[in-house]
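Letter by letter, the chains look like this.
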Amino acid sequence: MTGFTSTLLRRAERVCQHLPVFLNTFLVFSITGEVSYLVLVEAPLEAEQKAAEWSVWWKTVHLLAQFFMLGNICWNALLFLKTNPSVKGVFLGGDGLGQGWRYCYTCETHTPPRCSHCFDCKVCVLRRDHHCVFFGQCVGYSNYRYFLSCLLFMWSGLLYAMVMNAEVFIVILKEGVTLHSILLLLIPWIMLVSGQVSARAFAFAFIADTCVVGFLLVSAFFFFHLFLLFRGQTTREWFSSRRPYNLGVFGNLRHMLGLRWYLCWLSPLIPSPLPGDGMNFEVTGPLEPTK
Ligand SMILES: [Zn+2]
Ligand SMILES: [Zn+2]
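The structure displayed is predicted, hence computed values, not measured ones.

**With respect to the confidence of the model for the protein**
Segments scoring low in pLDDT should not have their predicted coordinates read at a detailed level. Confidence in the prediction for the protein averages 85 pLDDT; 92% of positions are at 70 or higher. Helix α4 (residues 179-186) is the least confidently modelled element of the protein, averaging 74 in pLDDT, while strand β4 (residues 123-125) averages 95, the highest of any element.

**Side note on the UniProt feature "transmembrane region" (unreviewed entry) in the protein**
Summarizing the sequence annotation, UniProt attributes the feature "transmembrane region" (unreviewed entry) to residues 21-40, 60-81, 144-163, 169-190 and 202-230 in the numbering used throughout. Secondary structure over residues 144-163 splits into 100% helix and 0% strand, and the C-alpha atoms at its two ends are 29 Å apart.

**What to know about the packing of helix α6 (residues 199-231) against helix α8 (residues 249-257)**
Closest axis-to-axis distance for the α6/α8 pair is 7 Å, and the angle between their directions is 110°. Between α6 and α8, the interaxial angle falls into the category roughly perpendicular. Counted together, Leu229, Phe230 and Arg231 of α6 and Val249, Asn252, Leu253 and Met256 of α8 form the full contact between these two elements.

**Side note on α8**
All of the buried residues along α8 are His255, Met256 and Leu257. Of the residues one or two after α8, glycine 258 is the one with positive phi, at around 105°.

**A few points about the nonpolar core**
The biggest cluster of nonpolar side chains holds 45 residues, and the ones touching the most others in it are Ile73, Phe147, Cys150, Leu151 and Met154. For this core, the element with the most residues is helix α3 (residues 144-174), which contributes 14 residues. Apart from the residues lying within four places of it in its own chain, the contact partners of isoleucine 73 are Val28, Cys150, Phe153, Met154 and Gly157.

**Some details on the environment of leucine 216**
Inspection of the secondary structure assignment puts leucine 216 in helix α6. It is 9.2 Å that separates the C-alpha atoms of leucine 216 and leucine 158, two residues lying 58 residues apart in sequence.

**What about unusual backbone geometry?**
Despite not being glycine, glutamate 108 shows a phi value in the positive range, around 55°. Relative to the helices and strands, glutamate 108 resides in the loop between β1 (102-104) and β2 (109-111). On the neighbour-count criterion, glutamate 108 (7 C-beta atoms within 10 Å) is exposed. A positive phi angle, close to 35°, is found at arginine 127, a residue other than glycine. Position of arginine 127 relative to the elements: it lies in the loop between β4 and β5 (130-132). By the C-beta count within 10 Å, which is 26 here, arginine 127 ends up buried.

About the criteria used
- Residues numbered from 1 in each chain as written.
- Chains lettered and ligands numbered in written order.
- Predicted model: local features only at pLDDT ≥ 70, side-chain atom pairs only at ≥ 80, totals over all residues.
- pLDDT = per-residue confidence, 0-100.
- Helix = DSSP H or I, 4+ residues; strand = E, 2+ residues; numbered from the N terminus.
- UniProt positions renumbered as here; feature names shortened; annotations may be inferred.
- Axes fitted to C-alpha atoms, helices over the stretch in contact; angles between N-to-C directions.
- Parallel < 35°, antiparallel > 145°, perpendicular 65-115°, else oblique.
- Contact = placed C-beta atoms within 7 Å.
- Buried ≥ 20, exposed ≤ 12 C-beta atoms within 10 Å, placed from the backbone.
- Core = buried A, V, L, I, M, F, W, Y, C linked by C-beta atoms within 7 Å.

Here it is in structure tokens:
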């Protein structure tokens, strides 16, 4: 019984770990599907514009832009998950006596500066930034580039989807700002369950809402990480008010995104080797907290 319970718990834990990835994938594909539908079938929603705009050429441009963003989100997410930033398989040549080296009692090894143990991943991670709950993996030295590019394309994709869905809001509200239309936008699930709206109206309102909420959430993450990128800081260092590895804006970009930092964000397929080894970092400021 104990063995059965622990197996069950382990399985439940694994499902919970992967649940955010499934949910995100579902939302990303639903939003892309809905926006493609808007472009192909509905656009423009206002009847008086139907004749003049949205030629085949214009629709193709929209679809190509959407699939470029979707491709980048998926590919970056995949490479982020496949690129393990942990110390597993890394030759930690240090003898543990260098500046900033510590000993991890869980992994039973000496670890370099900026490396720390993740209790979710159960391993030490090189230049650990944070454990990302949406991907169920740590953001560290070797996968930071994919994490940031994924955020960039999620942000631009949601901004685009929000602009496209603005017409949905306009059409719903143009029919009259009634209690029904406001409730449809605020609580679409309740309106669907209580039978007040059709599944189609619910789908449009739900995706339009998801775009707004998602955009606000992703904006906060994206701009915070851009701020950290320019400052050459990890989230952990920012929390502890330390900034000892700042190399100036261009130095930081090079160090965190690789030698082709100016190009690599366009596609995960563009190689951009990282200049360091994830273990040795140039110290340019005080190692102690500044406040
Ligand atoms: Zn460890
Ligand atoms: Zn982790």
